[in-house]
Amino acid sequence: MKIEFYRHNIGDKEKKDVCKVLDSIFLTTGDVVYEFERRLSKYVGCEYTIGLMSCTAALNLSMLAHGIGPGDEVITTPMTFIATSTSIIHVGARPVFVDVKPETGNIDEDLIEAAITRKTKAILPVHLYGNMCNMVKIRRVADKHGLVVIEDAAHAIEAERDGYKVGALADAACFSFYAVKSITCGEGGAVSIHDKKKAEILRKLSLHGMTKSAADRYAGRYKHWDMDMLGWKYNMSNIQAALLLKQLKNIEKYWKKRDEIARRYEEAFTKIEGIGFPKVPPRSKSGRHLFTIWVDPIKRDKILWKLQSKKIGVAVNYRAIHLLKYFIEKLRYKRGTFPNAEKIGNSTISLPLYPKLSDKELCYVITKVKEIVQST
Ligand SMILES: Cc1ncc(COP(=O)(O)O)c(C=O)c1O
């Protein structure tokens, strides 16, 4: 029995929708993308959504649309995927890390204020594994100091906390539809935003800074386009959107299944010596994107490899990024600076979590995890 780390939910209905696009004239950004954007806006409760090629693109453009650039600082977390920080570096700004909370792995909102300097322009929280950061507090700190809040919601499209959905308290929320995300088109992303002007800038930035898209040019009499800002080529295609539309319709159904599986893991691993896991914050709905266990850092890799030898798909999300070579060399970060993030990064093992994971597979994973952790 091989238990994959992830299996997507794309089936015949999604394939049919893609074929419909392929049989049409218009493959690039057009009606299907706009339909997806409308539905995603409605789902997350933001006024505007722009479909993009990735969450990295969404983070990058959100930063540009809010005027963040060379010389600026953005406060963020080292316990995340590198894209959170590389998107800051790509606009010429500096990621300033603060440590995470030991019980969730999310940015410690109480440490943010001490990291603010005259150069700080934004806070970039990441809702790790789908568990939302304390956005009420983060918004309060941001408002006090006149900062922008950009959410990395790559794991958390379904998440809520303290009565607020993801995106509600941020200036922009960035989503990923990468291959292992809860809804996926292989590679894809989006940004949801409340401000109309910023949304227009973001859309323009996503397509070279052109004043008209191909869809605009194609409709009716030919219209010339201009370019009034330096943009990127980050737009989502109708093919990607066609893959996503039905998945978005089923997003809560998929979430429910993942939530059930995650609760089974939690139940099975509670009070098992040598196994910890992040706590879902109070008054919140976790996006349940990843289920990760925390084991003895000294034994982590051995446990990881033993699980693989039992044909269980595993991953590490993530090793603390300030200790990656680039960050040490270019930003001069040192070991020991963010002890909670470092500990989590050295302890973490992500287990299979997806709707197609059968009960038999889940029981097998739970049994093997317990056996291996206890015997290592
Ligand atoms: C927390 C986080 N942020 C950003 C990204 C980047 O997403 P994408 O691959 O869509 O650019 C990922 C991708 O895995 C992620 O996990």
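Before going into details, it helps to say that this report is about the structure given with it. None of the values given here were measured: they were computed from a predicted structure. (Residues numbered from 1 in each chain as written. Predicted model: local features only at pLDDT ≥ 70, side-chain atom pairs only at ≥ 80, totals over all residues. Heavy atoms only, no water.)

One pass over the structure, following the stated rule, counts 13 aromatic pairs. Each ring, one from Phe 277 and one from Phe 291, has its centre 5.8 Å from the other, and the planes form 40 degrees; the classification is tilted. Of this pair, Phe 277 sits in the loop between helix 10 (251–269) and strand 10 (284–285) while Phe 291 sits in strand 11 (residues 291–294), and the two are 14 residues apart along the sequence. Residues Phe 277 and Phe 291 agree in their burial class; the two are buried. For the ring pair Tyr 326 and Phe 327, a centre distance of 5.7 Å and an interplane angle of 80 degrees mean the geometry is edge-to-face. The ring of Tyr 43 carries Lys 165 above its face, with NZ or CZ at 4.3 Å from the centroid. The ring of Phe 277 is capped by Lys 279, whose NZ or CZ atom sits 4.6 Å from the centre of that ring. (Phe/Tyr/Trp six-rings, centres within 6.5 Å; stacked < 30°, edge-to-face > 60°. Helix = DSSP H or I, 4+ residues; strand = E, 2+ residues; numbered from the N terminus. Buried < 20%, exposed > 50% of the residue type's maximum accessible area, 1.4 Å probe, protein only. Lys NZ or Arg CZ within 6 Å of the ring centre and 35° of its normal.)

Rolled over the atoms, a probe sized like a water molecule indicates the empty space that remains. The computed volume of the largest pocket comes to approximately 460 Å³. Lining the largest pocket are 26 residues; nearest its centre among them are Phe 81, Tyr 178, Val 180, Lys 181 and Tyr 318. For the lining of the largest pocket, the elements supplying multiple residues, two or more each, are helix 3 (55–65) and helix 4 (83–90). For the lining of the largest pocket, a count of residues per class yields 15 nonpolar, 8 polar and 3 charged. (1 Å grid on protein atoms, 1.4 Å probe; cavity = no way out; pocket = protein on both sides within 12 Å on 5 of 7 lines; lining within 4 Å. Points joined across faces, edges and corners; volume = space filled by probe spheres on them. Nonpolar A, V, L, I, M, F, W, Y, C, P; charged D, E, K, R; others polar.)

Summed over the entire model, instances satisfying the criterion amount to 25 salt bridges. Here Lys 144 and Glu 113 are joined by a salt bridge, their closest N and O atoms 2.6 Å apart. With a gap of 31 residues between them, Lys 144 in helix 6 (residues 135–145) and Glu 113 in helix 5 (residues 112–115) connect regions that are remote in the sequence. Classification of Glu 113 as partly exposed rests on a relative accessible area of 32%. (Salt bridge = Lys/Arg side-chain N within 4 Å of Asp/Glu carboxyl O.)

The 3 strands are arranged 7-6-10 in an open sheet whose pairing can be described as antiparallel. Two strands bound the open sheet, and with one partner strand each, they are strand 7 (164–165) and strand 10. Across 2 bridges, the pairing between strand 6 (residues 160–161) and strand 10 is antiparallel. Looking at strand 10, one finds that Arg 161 is bridged to Ser 284. (Pairing = 2+ DSSP bridges.)

Right, let's get into helix 10. Taking 1.5 Å of rise per residue, the 19 residues of helix 10 would be expected to cover 27 Å, and the 27 Å separating its terminal C-alpha atoms lies within 8% of that figure. Considered for burial, the residues of helix 10 that qualify are Ile 251, Tyr 254, Trp 255, Arg 258, Asp 259, Ile 261, Ala 262, Tyr 265, Glu 266, Ala 268 and Phe 269. Positive phi appears at Lys 271, one or two residues downstream of helix 10, with a value of about 65 degrees. (Expected span 1.5 Å × (residues − 1).)

The sheet built from 7 strands is open, its strands ordered 1-9-8-5-4-2-3 with mixed pairing. Sheet topology places strand 1 (48–52) and strand 3 (94–97) at the edges, where each strand pairs with a single neighbour. Each strand axis lies, on average, 25 degrees off the axis of its neighbour in the sheet, ignoring direction. Direction of pairing for strand 2 (residues 73–76) relative to strand 3: parallel, over a ladder of 4 bridges. If you follow Thr 76 over to strand 3, its bridge partner there is Phe 97. Those strands touched by helix 4 are strand 2, strand 3, strand 4 (120–124) and strand 5 (148–152), and its axis lies near 140 degrees from that of strand 3. The strands touched by helix 6 are strand 4 and strand 5; relative to strand 5, the strand with the most contacts, the crossing angle is about 150 degrees. (Axes fitted to C-alpha atoms, helices over the stretch in contact; angles between N-to-C directions. Contact = heavy atoms within 4.5 Å.)

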